[in-house]
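Read off the chains here:
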Amino acid sequence: MEPTNFDELEVVDAKPLRSLPPDVSPFGTYIPLSNPQIPIQKPSMNNKVGVSKASPMDVKSCHANANNGDDNNSVSSNGEKKPRLSRPTKKVKLSEEVRLLSLEGDRESVSKVLIKFDALRRRLVQLEPEPSKRPDLKVGTIMMNNGLRTNARKRIGNVAGVEIGDIFFFRIELCMIGLHTQTMAGIDYMNVTYDQVQEPVAVSIVSSGGYEDDDGDGKTLIYTGQGGNVSVDQKLEGGNLALERSVHRGNEVRVIRGVKDVESRKSKVYIYDGLYRIEKSWTEKSKMGAAVFKYKLVRIPGQREAFTIWKSIQTWRDNIGCRPGLLLMDITSGAEKIQVSLVNEIDGDKRSPRFIYFKGLKFSKTMKPLVGCNCQGTCLPGSNCSCIKVNGGDTPHANGVLVVQKSVVHECGPSCSCYPGCSNQVSHNGLKVRLEVFKTKEKGWGLRSWDPIRAGTFICEYAGEVIDADAKGADVDDEYTFTAINAGDYSSEWNYVPELIEEEKPVDLNEKFKPSSPTMISAKNMGNVARFMNHSCSPNVFWQLVLHGQNKDSFPHIMFYAIKHIPPMTELTYDYLKCGKEKRCFCGSANCRSFFG
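Note that the coordinates shown come from a computational prediction; the quantities given were computed from them, not determined experimentally.

It is worth spelling out helix 3 (residues 135-145) at this point. Burial within helix 3 is extensive, with 10 of its 11 residues counted as buried. The set of residues buried in helix 3 consists of Pro135, Asp136, Leu137, Val139, Gly140, Thr141, Ile142, Met143, Met144 and Asn145. Residue Gly147 follows helix 3 closely and has a positive phi angle near 75°.

Another point: the environment of Val255. Its place among the elements puts Val255 in strand 5 (residues 253-260). Relative accessible area serves as the criterion here: at 0%, Val255 is assigned to the buried category. Separated by 17 residues in the primary sequence, Val255 and Tyr272 place their C-alpha atoms 6.2 Å from one another. Beyond its immediate chain neighbours, meaning those up to four positions away, Val255 contacts Ile205, Leu221, Ile271, Tyr272, Asp273, Gly274, Tyr276 and Leu297.

So, about the nonpolar core. One finds Val162, Phe168, Ile177, Leu179 and Tyr272 to be the most contacted residues of the largest nonpolar core, which totals 45 residues. Residue assignment for this core shows that the elements contributing at least two residues are helix 2 (107-127), helix 3, strand 1 (167-168), helix 4 (171-176), strand 5, strand 6 (268-285) and helix 6 (307-318). Beyond its immediate stretch of four places on either side in the chain, Val162 contacts Arg107, Val110, Phe168, Ile177, Leu179 and Tyr272. Listed in part, the 40 residues of the second largest apolar core include Leu342, Leu435, Tyr462 and Ile521.

Moving on: the sheet that holds strand 11 (residues 361-362). Read across the open sheet, the four strands follow the order 11-18-20-19; overall the sheet is mixed. Bordering the open sheet on either side are strand 11 and strand 19 (481-484), each of which pairs with just one other strand.

On to the packing of helix 2 against helix 3. At a closest axis distance of 9 Å, the pairing of helix 2 and helix 3 adopts a crossing angle of 130°. Here helix 2 is positioned oblique relative to helix 3, judged by the angle of their axes. Taken as a pair, helix 2 and helix 3 cross one another with a handedness that is right-handed. Across the interface between the two elements, Val113, Lys116, Phe117, Leu120, Arg121, Leu124 and Val125 of helix 2 pack against Pro135, Asp136, Lys138, Val139, Gly140, Ile142 and Met143 of helix 3.

A few words on the state of the cysteines. All told, the structure shown has zero disulfides when counted by the stated rule. Cys375 carries a free sulfur, and the closest cysteine sulfur to it, the one in Cys385, is 3.7 Å from it. Note on Cys412: no disulfide assigned, nearest cysteine sulfur contributed by Cys418 at a separation of 3.7 Å.

The strand order across the open sheet built from four strands is 8-9-15-16, with neighbouring strands paired in mixed fashion. With one partner strand each, in any of the chains shown, strand 8 (326-328) and strand 16 (445-449) form the two edges of the open sheet. In this sheet, adjacent strand axes meet at a mean angle of 35° when their direction is disregarded. As paired elements, strand 8 and strand 9 (residues 341-343) share two bridges and run antiparallel to each other. The partner of Leu328 across the bridge, within strand 9, is Leu342.

Right, let's talk about the pattern of salt bridges for a bit. Enumeration over the complete set of coordinates arrives at 25 salt bridges. Its salt-bridge partner being Glu503, residue Arg123 comes within 3.0 Å of it at the nearest N-O pair. Taken together, the residues span a long stretch of sequence, with Arg123 in helix 2 and Glu503 in the loop between strand 19 and strand 20 (519-522) at a distance of 380 residues. With relative accessibility at 10%, the residue Arg123 sits in the buried group. Of the charged contacts, one joins Glu345 and Arg448 as a salt bridge, the two residues approaching to 3.7 Å between their closest N and O atoms. A residue pair is termed long-range when its members are at least 10 positions apart, and Glu345 in the loop between strand 9 and strand 10 (356-357) and Arg448 in strand 16 qualify at 103 residues. Classification of Glu345 as partly exposed rests on a relative accessible area of 46%. On the basis of relative accessibility, which here comes to 11%, the residue Arg448 falls in the buried class. A network of salt bridges, in which partner residues are shared, links Arg107, Glu163, Asp166 and Arg304.

Right, let's talk about unusual backbone geometry for a bit. A cis amide bond links Tyr419 to the next residue, Pro420, at an omega of 10°. Along the polypeptide, Pro420 turns up in the loop between strand 14 (409-411) and strand 15 (435-439). Phi at Glu502 takes a positive value of approximately 60°, unusual for a residue other than glycine.

All right, on to the packing of aromatic side chains then. For the coordinates displayed, the defined rule picks out 12 aromatic pairs. Look at Phe355 and Tyr357: their rings are 6.2 Å apart centre to centre, the planes differ by 50°, and that puts the pair in the tilted class. Note on Phe355: relative accessible area 2%, which makes it buried. Each residue in the set Tyr462, Phe482, Trp543, Phe560 and Tyr574 is aromatic and connected to the rest through ring pairs, giving one cluster. Looking at Arg249, its charged tip hangs above the ring of Tyr194, at a distance of 3.8 Å from the centre. The positively charged end of Arg531 is found above the aromatic ring belonging to Phe532, 5.3 Å away from the centroid.

Turning to the environment of His410, a few remarks are in order. With respect to the helices and strands, the residue His410 is situated in strand 14. Under the relative-accessibility criterion, His410 is labelled buried at 3%. What His410 contacts, discounting residues up to four positions off in sequence, is Cys387, Val390, Asn391, Pro396, Asn424, Leu547, Gly549 and Gln550.

Counting buried residues in strand 4 (residues 220-224) gives four out of five residues, a clear majority hidden from the surface. Where strand 4 and strand 7 (residues 291-299) come together, five bridges link them in antiparallel fashion. Residue pairing across strands places Thr220 opposite Val298, the latter belonging to strand 7.

Here is what the cut-offs are and how they apply
- Residues numbered from 1 in each chain as written.
- Predicted model: local features only at pLDDT ≥ 70, side-chain atom pairs only at ≥ 80, totals over all residues.
- Heavy atoms only, no water.
- Buried < 20%, exposed > 50% of the residue type's maximum accessible area, 1.4 Å probe, protein only.
- Helix = DSSP H or I, 4+ residues; strand = E, 2+ residues; numbered from the N terminus.
- Contact = heavy atoms within 4.5 Å.
- Core = buried A, V, L, I, M, F, W, Y, C linked by side-chain atoms within 4.5 Å.
- Pairing = 2+ DSSP bridges.
- Axes fitted to C-alpha atoms, helices over the stretch in contact; angles between N-to-C directions.
- Parallel < 35°, antiparallel > 145°, perpendicular 65-115°, else oblique.
- Left-handed = near helix turned anticlockwise from the far one by under 90°.
- Disulfide = S-S within 2.5 Å.
- Salt bridge = Lys/Arg side-chain N within 4 Å of Asp/Glu carboxyl O.
- Phe/Tyr/Trp six-rings, centres within 6.5 Å; stacked < 30°, edge-to-face > 60°.
- Lys NZ or Arg CZ within 6 Å of the ring centre and 35° of its normal.

See below:
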């Protein structure tokens, strides 16, 4: 289908992808982290009394089994005890390039810990796809036992390197970066000294729906204490006592909210909603008749929005017409299974970009027939499937997310007998997340998602017209042309660390794939949402060459994947690197190079 209703619309200065050399990692140069001996921050208290230094994190709390069952970390309804994590029998000798232990973290260390965690988790899911194996807990234990963590001391207030609005898909992730050290309990606390007397104060809470919490308007939270059951009253001890003391001390408390994952209703996404203070506490009877403690937390003003964005998105899902600045409900005109809205909240300009929405590749000449597998049903790892074999014996995706980045991955395609129901096809099945094209202040149009995006999730393909490099008069230097001469190096920084699970580095990751002819795609006249992705010197998206089938002479597809977990309404960007003419950069990141190209 080629929607043509954009032909008559006026042109807006939309920012497309630029030409990219594929031989540079999208992560840039890796700088190993040191182990700085920085004094621990003292908690900030309203009464300014003397406070003792924070004690080291109770590592046992981070190795306790998480109570997340099917929803990643929900409270067990029947109180059944889960098996404890087993410790590795020996410590793995790691190179300095992957050791990330840091008592005081920063944005880089937090990012790398989470990327390494999810990379190893994806690999374990690929090896053992049964969800009951709980690879998240296994990976958390392996990493922390080998020093792959940061912010290893408790503190009151914000955690270094963690930003308000950051999202997580597993409770153990919170622990590894020092945001919330309890993998089971919803209340995390520490002892501080007031007038030479120690008492507990709360440092963070997780509100994930296990109790009768009330999320309020996004600025307040009515939090229910922990402990007790249907017939037994809660006791003023442990975390409940710490919350009560925090009412009087007025210290800041980090709040992490758990919401349902739109991709999996049995799972949760955790969002760091910033700092709150406990305004008051009281007791009341629960729905089942037991006495419970209630605490009213009020969000400290002046912080960036986080949870309120999620509430707004839910309103838009129910009624797209209430989306502020909406220009078009669906810029794809039905070409995609999921609508992509067009929004301008910056100015009053109601013009739309002029192009034909096309979600695939359009060739100017006949291509060689694709070579597919002869499998029936779905293609499984270790099988005789020819597509699986050229992938090194594994499917490239695990539970729908890319496991490793390498020079090229092979998916089953239309030429395969297993098509279209095979699990070894992810990137060419269309959009999976709800995207939005929006007007930016300085970069023209941009692209973002309503949905939270996991690391490794397929986002979109770079669609458009395939340019014959030998054709005379081909405008291969226009700003809408994506050029890939070869696949270049895979990113060792994004991939998992094999030595952590006693694996050797896969041989196929060292191989370079070179297309039979230059890969050149123009989205100037026709294309999809990828044409709106802007540049950033600190990107959250990378591209990957994908072949359908195993014919190395076929034309590779340019597929975009998430580098890390991406919160809703965060602009999707990648590093343009060398793209021809030098241009000024407006990405605004801490690592901004001022110019790109």
